[in-house]
Amino acid sequence: MRNKFLLSDGLLRFGLLLAFWSLGIWGDLVSAGLPRLWAAEEAKPIRVGIIGLDAHAVPWTEIITSPDAPPELKCLKVVAAVPAYSPDIPFSAQNIQKNTERMRQMGVEIVETIEAMLPQVDAVMLLSIDGRPHLEQAKPVFRARKPLFIDKPVAASLSDVVRIYDLAAKSGTPCFSNSSLRYSPGIAQMRSDPRVGKVVGCDAYGPNHPLEPTHPDLFYYGIHGTELLFTIMGPGCKTVSRVKTPTADFVVGVWADGRVGTLRGILQGQTGFGATVFGDKSIAPAGKFEGYTPLLVEIARFFQTGKPPISVEETLEIYAFMEAADESRRRGGCPVSVQEVLDQARKAAQAQPAKL
């Protein structure tokens with residue numbers, strides 16, 4: 001989106017350059033510093049607004065504003081934020097005051113409403129850890145047609161995930177959501193790692209706690225391990241089965257081509273993220289989580305181009321996988337169709353459609 005504007009602007013400037021050259025006044029303009037002014041205009045940063053200061057807002061802003069930030073992040077400037085915390089989630093309530101103060105220390109203006117923030121920004125990151133209000137928080141952003149990144153979880157129900165992406169499409173607003181694990185180099189490369197060859201299976205693992213009673217079991221924190229699994233396996237999961245004990249959630253997905261991918265959601269004992277990848281050439285461990293910077297680079301690129309790095313269809317499949325895992329548990333561990341739960345969510349979204 002931003003590049004389209006720059007392209008049309010660039011054509012206009014090229015035409016003006018030809019006119020100045022033909023009139024013989026280009027030398028005078030160079031002396032006056034006009035080219036430098038144009039270059040400064042082109043380097044104008046993308047003004048970013050944040051909704052939700054209870055979790056990732058502080059560390060992400062610290063990375064963006066750091067003198068050591070990679071060049072890809074130099075185009076971003078966090079200028080305003082709405083605290084938007086959830087008093088009934090202890091982590092959110094306990095951290096909001098200190099996080100809000102830290103954002104002020106970094107020069108970010110704190111505003112009371114999303115509507116008040118939007119005129120000041122070019123793009124938005126919705127970072128509140130509670131997925132329940134995300135639909136309502138996204139609506140004014142969609143009305144303003146500002147590119148939107150939504151931190152995990154997209155919402156607290158699969159039907160609301162569908163509603164959010166329906167509104168994004170209806171308003172013509174670029175929107176995407178990812179776990180930061182997807183872009184850690186040692187994870188992202190496994191689908192095409194020549195040492196492994198074609199991926200024929202994957203056993204992923206990650207913590208599935210703390211659980212948040214207001215969200216489906218995997219949505220709140222299990223999303224990270226689920227996204228790790230899909231990053232390596234790719235989309236195409238058809239059925240999901242789940243076993244839960246006090247020590248772990250164990251979810252088995254069967255893909256359309258017969259491949260099997262598993263997710264161990266750790267509930268007790270040592271935690272960490274990782275995976276064993278089974279290929280037609282070798283079996284290899286995936287890399288570990290390598291911080292937030294790779295995801296922020298993808299967000300910066302998205303804000304510049306308006307092109308999400310992951311399709312809506314794959315995101316919906318990831319959340320349908322997690323919902324199918326919950327439904328499998330309710331059915332005593334029986335396999336549940338991913339398409340079945342997605343169809344149910346779409347039907348619910350159509351029966352009660354969200355409106356801008």
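Each value, and the rule that gives it
- Residues numbered from 1 in each chain as written.
- Predicted model: local features only at pLDDT ≥ 70, side-chain atom pairs only at ≥ 80, totals over all residues.
- Heavy atoms only, no water.
- Helix = DSSP H or I, 4+ residues; strand = E, 2+ residues; numbered from the N terminus.
- Contact = heavy atoms within 4.5 Å.
- Expected span 1.5 Å × (residues − 1).
- Buried < 20%, exposed > 50% of the residue type's maximum accessible area, 1.4 Å probe, protein only.
- Right-handed = clockwise from strand over helix to strand, strands pointing away.
- Pairing = 2+ DSSP bridges.
- Salt bridge = Lys/Arg side-chain N within 4 Å of Asp/Glu carboxyl O.
- pLDDT = per-residue confidence, 0-100.

## Section: the environment of G49
Assignment of secondary structure puts G49 in strand β1 (residues 46-51). The residues touching G49, leaving out its near neighbours within four places in the chain, are A80, M117, V121, A123, V124 and M125.

## Topic: the side chain of T315
Position of T315 relative to the elements: it lies in helix α13 (residues 312-330). T315 has contacts with V154, Y165, S177 and I310, leaving out every residue within four places of it along the chain.

## Examining α13
Helix length check: α13, at 19 residues, gives a terminal C-alpha distance of 27 Å against a target of 27 Å (1.5 Å per residue), a fit within 8%. Where α13 terminates, the next one or two residues include G332, which has phi positive at roughly 80°.

## Focus on the pairing of strand β2 (residues 76-82)
Most of β2 is tucked away, with six of its seven residues classed as buried. What joins β1 to β2 is helix α4 (residues 57-65), and the crossover it makes is right-handed. One ladder, built from two bridges, connects β2 with strand β3 (residues 109-110); its direction is parallel. In the sheet register, A80 faces β3, and the bridge partner there is E109. At this point the chain moves from β2, through helix α5 (residues 90-105), to the parallel β3, and the crossover so formed is right-handed.

## Brief notes about the pattern of salt bridges
When charged atoms on two side chains of opposite charge get close, those side chains can pair. Under the counting rule described, the total for this entry stands at 23 salt bridges. Linking R331 and E340 is a salt bridge whose minimum nitrogen-to-oxygen distance equals 2.7 Å. Taken together, the shared-partner salt bridges connect D217, R242, K244, D249, D326 and R329 into one network.

## A look at the confidence of the model for the chain
Here the chain shows a mean pLDDT of 91. Residues at 70 or above account for 88%. Between residues 2-12, whose pLDDT stays under 50, and residues either more than four places distant or in other chains, the model counts seven contacts. Within the model, the stretch residues 28-41 combines pLDDT values under 50 with twelve contacts to residues more than four positions away or in other chains.

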